[in-house]
Each structure stands twice: as structure tokens, then as C-alpha cells.
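Examining the three-dimensional arrangement
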Amino acid sequence: MSVTASTRDTSASSSNKKSVGFRGLEATASVLTEGSKRWQDAINKVSLNLKGRRRSSSTHRGSLISDSDDTQDGPRQPPVNYENTYKIKPDLRFPTKKAEDIIRDVFSSNLDNKPYNPDSGKYLSSQMSDLIRTQVKQELGLQNRYKIVVLVTMGTLQGQGIRCASRCLWYPQFDRFASYSYKNESIFAVGTVYGVYFE
């Protein structure tokens, strides 16, 4: 009898455990479904925000701007759609004479009555090439299709001879270059500007 009573107690306790465990699972399942609904709502909100940001970033060239009214100064502009122009010829030719004048002016303003210094020479040649490039681009205007390459070579003048040469693969009908040589008592400089038409 003790054996059967013990089994009954065991079975009763196990059935209680099962019912308690099942009730616990039901409670856990209801909490999980509420939690999953919250997670799903949060994911939907984030995906909607990302879609809005993608839309605004495509109209503002990659910058992520929020859709709130406090960050915008006026009505939204429609996105600009650029199309191919299919231009094979440039509107204007590369101005070689004006480019030579720009090189001469930059050299004379930066190198007149200055001795050669090897430490500052590399920085000076880089600054002069940047200055020449910006002035040539301003001369061409905003609607040009020329790629501008500027080379400035400078060194000390001690009676030696030097030759600067270059070879380019280009279309000779449209592509041009301008070159100017400068020298004073201690410095020589050669500046070359290449204007390569980009279709």
C-alpha cells in the first residue's frame, strides 16, 4: 500500500507539475506574442524611417536629411534628372594662349627675385600648379568638358642644360596643351597645362 500511495502521490505531484508547467508555458507564450508584436511594430517603424531617408537622400545627393519640417527652409524641390548630351565636339576650343599667359603670370608673381631653396621648392611648385589649374578652369567656365592636368618642374640654375618632354595619348583635333619656361638668376621653371576633352 505504501508503494501504491507513493505512486499516487508521485503521479499527483507530477500531474500538478504538468499543469503548473503548462500554465507557465501559456503565460510565457502570451508574453512572447505581445513582445513579438512590439518588436514587429518597432521594426516596421525603423523600416519606414529608412525608406523616408533613402527617398530624401536620393534628392539631396547622399546626405541623410530627415523629413521633419523644422530642418527644411521651404517647399521641396523635385529631383533633377540629368540626361546624356551626346556631345562629341566641344563648344569652345582649349585656350592655349590664355593658358600660357596664366602660367607666365603665376611664375612671375611667385618666382621673381627669389633664390632657389630646395626645401620650399617642392611646396612652391605644388602651390603654383594648383593656382594655375584653378585659373585655367575659371577661364574655361563651368560648362566645359576638359580635364585639366598641370605639371610644374622647377630647379636650381647652375649652367646645366635640361629638357622636359612628355608623351600623351589623345585626340589631336580637340586636345591641346600650353607650356611656358621661366628662369631668373638662380631658378628655372617649366609649366605645362594639358586640356584633354572628356566626352
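Numbers given to residues run from 1 along each chain, matching the order in which its sequence is written. Residue-level local features of this predicted model are given only where pLDDT is at least 70; pairs of side-chain atoms are given and counted only at 80 or more, and the full residue set underlies all totals for whole chains, interfaces and linings. To get the side-chain values, all heavy atoms of the structure are used, and hydrogens and water are removed first.

**Section: the packing of helix H2 (residues 96–111) against helix H3 (residues 118–140)**
- Whenever a helix is involved, its axis is fitted only over the stretch in contact; in every case the axis is a line through C-alpha atoms, and angles between N-to-C directions fall within 0 to 180 degrees. Comment: elements are numbered from the N terminus, with helices defined as DSSP H or I runs of at least four residues and strands as E runs of at least two. As a packed pair, H2 and H3 sit with axes 10 Å apart at the nearest point and diverge in direction by 145°. When the axes of H2 and H3 are compared, the crossing they make is right-handed. Here H2 contributes Lys 98, Ala 99, Ile 102, Ile 103, Val 106, Phe 107, Asn 110 and Leu 111 to the contact with H3, which in turn contributes Leu 124, Met 128, Leu 131, Ile 132, Gln 135, Val 136 and Glu 139.
- Classification used: nonpolar for Ala, Val, Leu, Ile, Met, Phe, Trp, Tyr, Cys and Pro, charged for Asp, Glu, Lys and Arg, polar for all others including Gly. Counted by class, the contact of H2 with H3 contains eleven nonpolar, two polar and two charged residues. Handedness of a helix crossing follows the sense of rotation of the near helix relative to the far helix, less than a right angle counterclockwise being left-handed and clockwise being right-handed. Between two residues, a contact is recorded if the distance between any of their heavy atoms is within 4.5 Å.

**Regarding the packing of aromatic side chains**
- Between the rings of Phe, Tyr and Trp (Trp by its six-membered ring), a pair exists once the centres lie within 6.5 Å; its type follows the angle of the planes, with under 30 degrees stacked, over 60 edge-to-face, and the other angles tilted. Enumeration over the complete set of coordinates arrives at nine aromatic pairs.
- Here the aromatic residues Phe 94, Tyr 146, Tyr 171, Phe 174 and Tyr 197 are joined through ring pairs into a cluster of three or more.
- For a Lys NZ or an Arg CZ to count as sitting over a ring, it must be within 6 Å of the ring centre and within 35 degrees of the ring normal. The ring of Phe 198 has Lys 147 lying over it, and the distance from NZ or CZ to the ring centre is 4.6 Å.

**Some words on unusual backbone geometry**
- Despite not being glycine, Asn 113 shows a phi value in the positive range, around 55°.
- When you line up the elements, Asn 113 lands in the loop between H2 and H3.
- Assessed through its relative accessible area of 72%, Asn 113 is described here as exposed. Accessibility here uses a 1.4 Å probe with only protein chains present; expressed as a share of the type maximum, an area under 20% marks a residue as buried, one over 50% as exposed, and anything in between as partly exposed.

**Quick word on the sheet that holds strand E1 (residues 146–156)**
- When DSSP finds at least two bridges between two strands, those strands are taken to pair. Here three strands make up an open sheet; going across it, the order is E1-E3-E2 and the pairing antiparallel. In the strand order of this sheet, the two ends are held by E1 and strand E2 (176–183), each with one partner. Taken pair by pair, the neighbouring strands of this sheet meet at an average axis angle of 10°, ignoring direction.
- Of the pairings in the sheet, the one linking E2 to strand E3 (residues 187–197) comprises eight bridges and is antiparallel in character. Note on E3: the bridge partner recorded for Ser 179 is Thr 192.
- Each of E1, E2 and E3 touches H2; the most contacted strand, E2, lies at about 25° to it.
- Here H3 sits on the sheet in contact with E1 and E3, set at roughly 150° to E1.

**As for the nonpolar core**
- Membership of the largest hydrophobic core comes to 24 residues, with the highest contact counts inside it found for Phe 107, Leu 111, Ile 132 and Val 136.
- With six residues, H2 is the largest single contributor of residues to this core. Remark: nonpolar core denotes a set of buried residues (Ala, Val, Leu, Ile, Met, Phe, Trp, Tyr, Cys) joined through side-chain atoms within 4.5 Å.

**Some points on the pattern of salt bridges**
- For this document, the term salt bridge refers to a Lys or Arg side-chain nitrogen within 4 Å of an Asp or Glu carboxyl oxygen. As enumerated under the stated definition, the model contains four salt bridges in all.
- The closest approach of N and O atoms between Asp 101 and Arg 104, which form a salt bridge, is 3.0 Å. One end of the pair, Asp 101, and the other, Arg 104, are both in helix H2, three residues apart, so they sit about a helical turn from each other.
- Owing to a relative accessible area of 22%, Asp 101 belongs among the partly exposed residues under this scheme.
- In this structure, a network of salt bridges that share partners links the residues Lys 97, Asp 101 and Arg 104.

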